[in-house]
Structures are given as C-alpha cells and as structure tokens.
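# Per-entry structural report
Now for the letters of each chain:
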Amino acid sequence: MASIPYRLMEEEAESSLSSSKEESSPVDAVLFVGMSLVLGIASRHLLRGTRVPYTVALLVIGIALGSLEYGTHHNLGKVGHGIRIWNEIDPELLLAVFLPALLFESSFSMEVHQIKRCLGQMVLLAGPGVLISTFCLGSLVKLTFPYDWDWKTSLLLGGLLSATDPVAVVALLKELGASKKLSTVIEGESLMNDGTAIVVFQLFLKMVLGHSSDWSSIIKFLVKVALGAVGIGLAFGIASVLWLRFIFNDTIIEITLTIAVSYFAYYTAQEWADASGVLTVMTLGMFYAAFARTAFKGDSQKSLHHFWEMVAYIANTLIFILSGVVIAEGILDSDKIAYQGNSWGFLFLLYFYIQLSRCVVVGVLFPLLCRVGYGLDWKEAIILVWSGLRGAVALALSLSVKQSSGNSFLSTETGTLFIFFTGGIVFLTLIVNGSTTQFVLRLLRMDGLPATKKRILEYTKYEMLNKALQAFQDLGDDEELGPADWSTVQNYISSLKDSEGELVHPHNGSKTENLDPKSLKDIRIRFLNGVQSAYWEMLDEGRISENTANILMQSVDEALDRVSTESLCDWKGLKPHVKFPSYYNFLHSKIIPRKLVTYFAVERLESACYISAAFLRAHTIAQQQLFDFLGESNIGSIVINESKREGEAAKEFLENVRSSLPQVLRVVKTKQVTHSVLNHLLDYIQNLEKIGLLEEKEIAHLHDAVQTGLKKLLRNPPMIKLPKLSDMITSHPLSVALPSAICEPLKHSKKEPMKLRGVTLYKEGSKPNGVWLIFDGIVKWKSKSLSNNHSLHPTFSHGSTLGLYEVLTGKPYMCDMITDSMVLCVFIDSEKILSILQSDSTVDDFLWQESALVLLKLLRPQIFEKVAMQELRALVSAESPKLTTYVSGESIEINYNNVGLLLEGFVKPVGIQEELIASPAALLPFNGNQSFHNSSEASVD
C-alpha cells in the first residue's frame, strides 16, 4: 500500500515535466538574448559614474541566473529553458560566434604605431610568458593538488589558465581609461597570448588523449598553427582591402565586408587549415588597422566605428552573462564537487598560484620589457600583473575538456574539476582583480592628471565660460520672446565655475615655467594632434589619397614619440618620400621606354607634392588653432616657430618642382579642385533636401550624377602627359624656318627629349656643333667671360633657341648652358642649319633675328632677363629690325631708346677714348643718339 502513492507522485512529476518540455521551444533562446540585453542596459545605466566595472556586474548577473536555474528547485520557466539552450551550445560554436567580432573590433581599433612600438613586449609576454606560466602552474598543480593527475593533465590545466582573456581585459581597460601605452601592451598581449595559449592547450589535450608526439611533430604543429594563422589573416586582409578599393561610398557594403571577412577567416583557419582562428582574426584586424583605416572616410568611418562598438557591446553583454551561467552550472550542478570543502580550498590556492605565476612571468621578463618598445616601469609592471583576467575563452576550453572526458585517458571527474576550477578562477579574477584595478591605479597615482593638463583644463573651463557669455549675448534677446535670464542660464553651467583660485594662463608664468619640459612636451603633443586631425579632414575632402594619408599619419606618430627629447620633427619621417629619387639618372642613362621614364621620373612626384602641400596646410591650420586657443603664449610661440622651421623644407621642395615640372603641381591642384567642386555640389544637394525644395527621386538622380563624377575622378584621375615630340617641334618658332626635310625626321626621332636637372647642353669655349630647341623647363647659363653680375635669374625657358648665334658665326660657345630643371628639348646638328642658309637665302634674316633674342638676354640681362622669350620675340618683331652690313670706316647710328647688336666685326665709339668693341656686343646710346665708327666689315642688327 505504501508504494502506490509514491508511484502516483512519480507519474505526476513525470507528467508535469513532460508538459513543461512540450511548452518549451527553441525560440526560448531568443528570450535569453533579449533578457540579457535588457539586464546589460540596466547595469550600464545604473553603474554609470560608479567604480564598479560593467563586466563584473554582468558576470554576477549571469551567476545569479545560473544559480536560480541550476541551484534551486524553482525553475525559471521559458527563461530557464533559454538559459539551458545557450549553456548546452558546443564550446567551439560559442567561440566561433563571439570571438571573431570581439577580436576584430579590438585589434582594428588599436593604433598601428603603438602596435609597432609595443610588438616586442607583446611577443615576449604572449610567447615565452605563456610557456613560463604554463609550466609554473602545471608544476604547482602537479606537486600540491591531491587529484593524482599526471604531468600532461596538470600542464593542460596550466595552459588553459595561462592566457589573459582579451574580452575581459579590453572591456576593463576601456572602462578604466588606462594610458594608451599600457593599454596597448596589455590588450595586445591578451590578444596574442590567447591565441598561443589555445595552441598550447590543443597540444597538451592531444597528448592527454593518447596522441603520441615527439619534438619534431610538436614543432611542426606549432609552426603550422601559428604561422599558418598569420598567413591566412594576411591573405584575407590583402584580398578584402583590394576589394574595398573598388567599393565607392557604400557604407553598408563596406561594413558588411568587414563582418564577412572576419568570420570567414576564422572559420577557414580553425576548420579547414587547422590553424589558430584567434591569431588569424587578430592578424586580419591589425592589417586593417595598418592599411585600411583610411579607406573609410567621413560618414563611413563614423558608421563603421559605431557599428563595431555596438557589436562589441552586445557580444560582451551576452558572453559575460553566459560565462556567469556556465560558472554557476559548473559548480552547482556537480554536487560532489560543490559540497567538498577541500575543492573550494584548492580553488583559492589555484587563484594564488595564478597571481604568483603572473608575477614570475613579469619578473623574469622585466629586464627585457624595460628595454623593448616604450619600456616599462615598476608601476606599470604591477598593473600588468594585476590585470591578468580570465574569461569566456578559458571557460569554453574547459567545456571542451569536459566533452572530451569520460574515457580511459580523461575521467569524467577530471572534466568536471576543470570546469569547476576554471569557472572559479574566471569569477575570482573578474571580481577581485577587475573590481580593484582602478583602486590599484589610484594607489600608484596613475589615474590622476599631471599639473600641465590640470592647468590646461582650468584654462579651458574659463574660456568656455567666456564663450557661454558671448553666446548668451548673441542669443539672449530677440523680437519675438524678449530677453533671457542670465542667472538661470548660469545655474546649468555651474560646473565651469568650479576652478580653484584665480585663473592663470597655463603657459604664461615665470621664465622657468615657460621652459618647463613637461609643458613644452604637452603643447607639442596637442599641436601634433591638431596636425593629424587636419590630415583626416583633408582625406575626407579628397585633398589627399589614402596612401598619402597613411604616410602623413605615420610621420606624426613617430614625431609624438620624440616630443620630450626633440623639437617638432614630423618632417623627418616624410623626407624619404619627398625628394627627386636617385634612380632618375639611372632611368635616363639606359635605353628604357619613354612611358616608363615618364611614369617613374614624372608621375611619381605627384605623391611627394601631395605630401608637401598637405604638410604645409596642416601645419598652418594647427598654428592658427594653437594661437586661437592659447593667445600670446611663450611656449605656444616656441612650438609655432618650430613648426615654421619644419615647413621650410616642404616649401623648398615645392619650389623645385614648380621650376622643374610645373605640370605636376598643375595636375595635383586640378585633382584637388575637382574633388572640392564635386563635394560642394553634394553639400548643395543635401541642403536642398534639408530645406525641402527637392523630392526624393530628384535628390537620388542628382546625387548619383555627382557620385559618378567622383567615381570617375577616383578611377581615371587627370594624368601628367608630356606633349608629343611632333607637336612640340611644330609649336617652336624656329620650325617656321626649317624645311620639312629637317622637321619630319626630328618629329619621328626616337631620342629621348627629356633632360634631367644638372645636364650640361654645351660648355663655354667649345666648338659649336648644333642648336638646342627648348620646349619646356628651365636652362641656366653661366660664363667666365661674360659679366652676369646684374643678372638675378640667368635662365632661358620655353621657346628658346640656344647656340644658334655660335653656329651661324662659327665662333665657340659663349657660355655654359645647364638644365636647371627637367627640360624637354631637341638638338639639331649645325650642318643642317648651315645647309638651310645655302639652299634658302630668305631665312637668313630670320635666323639672325632668332639668335639676337638669346644675345639680348646674355649681354643685357638687367634690361631683358625678366622678359619672357615669347614677349621678347613679339617686341623685336614689332620693331621690324634689319640686318645691315657695314664696311670699314662707315658710321653706325644708334637712335635713342634703341639697342644695336654687333653680330660680327669690330666697332669704335665716336668721340670716346675706348678700345675697340668686339662682337658680339650690345650697342647702346650713352646720351641721346650715339655713333660708332666701323673698324672692319661688320654686321649689325
């Protein structure tokens, strides 16, 4: 009789359980997500302004939910069913869902320059550091824990617990606002050693499960997993960044591509290549940070930043609450473990071992950490030790151990212990270390503002108060509503009036304060931040390309590292990119196709011009901003003067290009103006949309039309094109006198018409062998016999015919002719010129007149050097000069305001005791008209 009611109760319980299962649904998993997000929002809202880290609160909430579901007889119904669905997800699937997004967001948001400088410290902590920690923890567990584990199992637990979790660490550092340098080291280490620890864990798990491994197979496994992951990450990064270049102003596609590539790269490495998915996504994110950050401009960059920030927030919320649930289930659902007091004692002992092993790692590597990258002091070392949090990754790995247990190699009890110890360590590190890190920062005085920043803060508050008063005067009264109450307005900006004592300008005190290195460093940093901000603005405006922006940003980052020891030096990082490369001469001296010469010797200068122009513009903007902010400040003036000195080299380079190849600057400016005009049209369309004058279809049509122009400018920009040789010869004035028998071979000549700067066309005193026709560029002259003391710019440019006088007279060249820029020119042999005179006497006057133009600039530079060759030719043609031959003894009259040129022979001034004047010479009247007595047969033009 006693067994009947028991059986009835059992059947009733089974029926109620089956009915509850029937009421449950897989959709309950969505309920858990929604509830987790609501709890996360509430926690974030309530904890804002408190010292409790948001992630710690989420973990506690998760433990509370897990405890209610697994530790009591009061199930949570559908919520509980949703919790169980998520808790039963395969740990590898859990990592595949959350890790790619979190790792990509974290690595993509890191600064490339900081990564480069801190990479050595990251590798030390993530490589040797993980190995040291693994063997320390494994040895201590093996020697002190009573579970009779072998060395492989002990080292497996040590490897599992050796990695600081990037999810937990990054979330904590963002909340606490640690210094950029320390945050980069800790965050980078957590990203890297998470990957290396998983590799070590996988290695020991295989060994525990009976896979035989020798040293060669171990090394092969490590190389494949680590280097393979880096290679896959780089491959996906290169492919996706190249794809991004073909996507134009489509924010949705750009953001979607970053999501897809992060998950696909993780899956490829983890499932197909048997490499580390964590290291793959970390490499991918850092590659994007290095080469794709400038690919997202304007609204796209803001949208991308907000999107990944939201993804990271949602993933963090879910993963920390779920971690709490896993911890609660691991402890409370295993009665044998949960109620054994010694297991709890060994949990706290293991927590102590973890802190001890972290101290050993940092202590052993401290001498190297101090000498690599930015270095490390003892205070930062303490924070490095204390910030070794564990999180969801360690929990997922312990769950995989649990799944692999229950065999002759790994008992079920051992798998349960792994979950118990891992969950307890995650809880303790987040609760104890996570909650007290801010206290440790304050104890070490690492969270406060230095005196220089406090002075700037107080000064800014004072300036804001003045701006508020100015705004009130502009807005406080109007015709419709009348005046406003200033005292009421003041109540809402009372925080600006809490400055302590009398306001003092932050950098206008005594002379000793003005020379304070910390103050000078602070202003240099602010100035360079302004320069970098100007670069970003120019990138959005289309003034500079992505590659140019990367070079400019890197130069500022390098200069920021030197602000405490050097003056502003961001130009130093740009010097290798701003110069006439040394290979120009090599290109010109070899038989290389003209198109390649043009590309390497001409078009490659565009980038240097963009860099120089952007550098000058950014520094000018930053100078004005600093002056507007600080006013007449001594230290501000020092930094502004340093900036002006930096700009001198950029100005000099642009002047050299302007004199050498003005086409380059013209194309650069054309690109900038085109992009600016198209952006102005976009702004105009948006304004018409804003005020409601255009409908949606009209706006879409106009917007697409302008976007088509921008896309065309991006993919087919205006290029530097040198004119065809035939066109250049036809445009030169001398071609009028040249017969087609001479011009046609020149037009089809395969000789390179380009001469680089510093090439000597001919030397003074050498025998004339031909004539040079100058089409573009600048040629300077210098002579030992001719006086050019009055010449400021002894140069010849477009349209000049050099050496013609010497060829016509047979005299040696009068001076040296040297290219002062890149020059386009053609050489005509003297025999061809003389053959023209013999065959066609009608061109005689023309050739002598053409030679006279060069003589005027050589002999009378103080009068004619500023006159362009084209203007001088027009002036001479307007006077209708005549070539006249005089016999010996005949007088030559030079009228007032006229100039005579003695082309051949000798003359003697009448009434003046002077020596004979030899040709070539300029004959000028001294006072009124002047007569010359011919001493031989002479020709005068």
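Now for a description of the structure that goes with this document. (Residues numbered from 1 in each chain as written. Predicted model: local features only at pLDDT ≥ 70, side-chain atom pairs only at ≥ 80, totals over all residues. Heavy atoms only, no water.)

## A closer look at the overall build of the protein chain
- Along its length, the protein chain carries 37 helices and 18 strands.
- Out of the 941 residues belonging to the protein chain, those deemed buried represent 47%.
- Expressed as a percentage of contacts within the protein chain between residues at least 6 apart in sequence, the contacts between residues at least 24 apart total 78%.
- Carbon and sulfur atoms form 58% of the exposed surface of the protein chain, whose accessible area is close to 47,100 Å². (Helix = DSSP H or I, 4+ residues; strand = E, 2+ residues; numbered from the N terminus. Buried < 20%, exposed > 50% of the residue type's maximum accessible area, 1.4 Å probe, protein only. Contact = heavy atoms within 4.5 Å. Areas by Shrake-Rupley, 256 points an atom, 1.4 Å probe, with all protein chains shown as cover.)

## A closer look at helix H3 (residues 54-70)
- Taking 1.5 Å per residue, 17 residues should reach 24 Å; H3 reaches 24 Å between its end C-alpha atoms and fits that length.
- Burial within H3 is extensive, with 12 of its 17 residues counted as buried.
- Among the residues making up H3, those that are buried are Tyr54, Thr55, Val56, Ala57, Leu58, Leu59, Gly62, Ile63, Leu65, Gly66, Glu69 and Tyr70. (Expected span 1.5 Å × (residues − 1).)

## Focus: the packing of helix H11 (residues 215-244) against helix H12 (residues 251-272)
- One can describe the packing of H11 onto H12 by two numbers: an axis separation of 10 Å at closest approach and a directional angle of 160°. Judged by the inter-axis angle, H11 sits roughly antiparallel to H12. The crossing of H11 and H12 is right-handed. Between H11 and H12, the contacting residues are Ile232, Phe236, Ser240, Trp243 and Leu244 on the first element and Glu254, Leu257, Val261, Phe264, Ala265, Thr268 and Ala269 on the second.
- Residues belonging to the contact of H11 with H12 are distributed by class as follows: 9 nonpolar, 2 polar and 1 charged. (Axes fitted to C-alpha atoms, helices over the stretch in contact; angles between N-to-C directions. Parallel < 35°, antiparallel > 145°, perpendicular 65-115°, else oblique. Left-handed = near helix turned anticlockwise from the far one by under 90°. Nonpolar A, V, L, I, M, F, W, Y, C, P; charged D, E, K, R; others polar.)

## Examining the environment of Phe796
- Tracing the backbone shows Phe796 in strand E7 (residues 795-796).
- For the pair Phe796 and Met817, spaced 21 residues apart in sequence, the C-alpha separation works out to 9.3 Å.
- When neighbours within four sequence positions are excluded, Phe796 is seen to be in contact with Gly777, Ile778, Val779, Trp781, Leu802, Met817, Val854, Lys857, Leu858 and Met869.

## Details of the packing of helix H8 (residues 151-160) against helix H19 (residues 412-443)
- At their nearest, the axes of H8 and H19 sit 11 Å apart, and the two run at 30° to each other. As summarised for this structure, H8 and H19 are arranged roughly parallel, according to the angle between their axes. The chirality of how H8 crosses H19 is right-handed. Packed against H8, whose contacting residues are Thr153, Leu156, Leu157 and Leu160, the element H19 presents Thr414, Phe418 and Thr422 at the interface.

## Thoughts on the side chain of Ser405
- By the element assignment, Ser405 lies in the loop between helix H18 (392-404) and H19.
- Discounting residues that sit within four places of it in the chain, Ser405 has contacts with Leu410, Ser411, Thr412 and Gly415.

## What to know about the sheet that holds strand E5 (residues 770-776)
- In space, the 4 strands of this open sheet follow the order E3-E10-E5-E8, with antiparallel pairing throughout. Among the strands making up the open sheet, the edge pair consists of strand E3 (754-755) and strand E8 (801-802).
- Across 2 bridges, the pairing between E5 and E8 is antiparallel. Bridge pairing links Leu773 to Thr801 in E8. (Pairing = 2+ DSSP bridges.)

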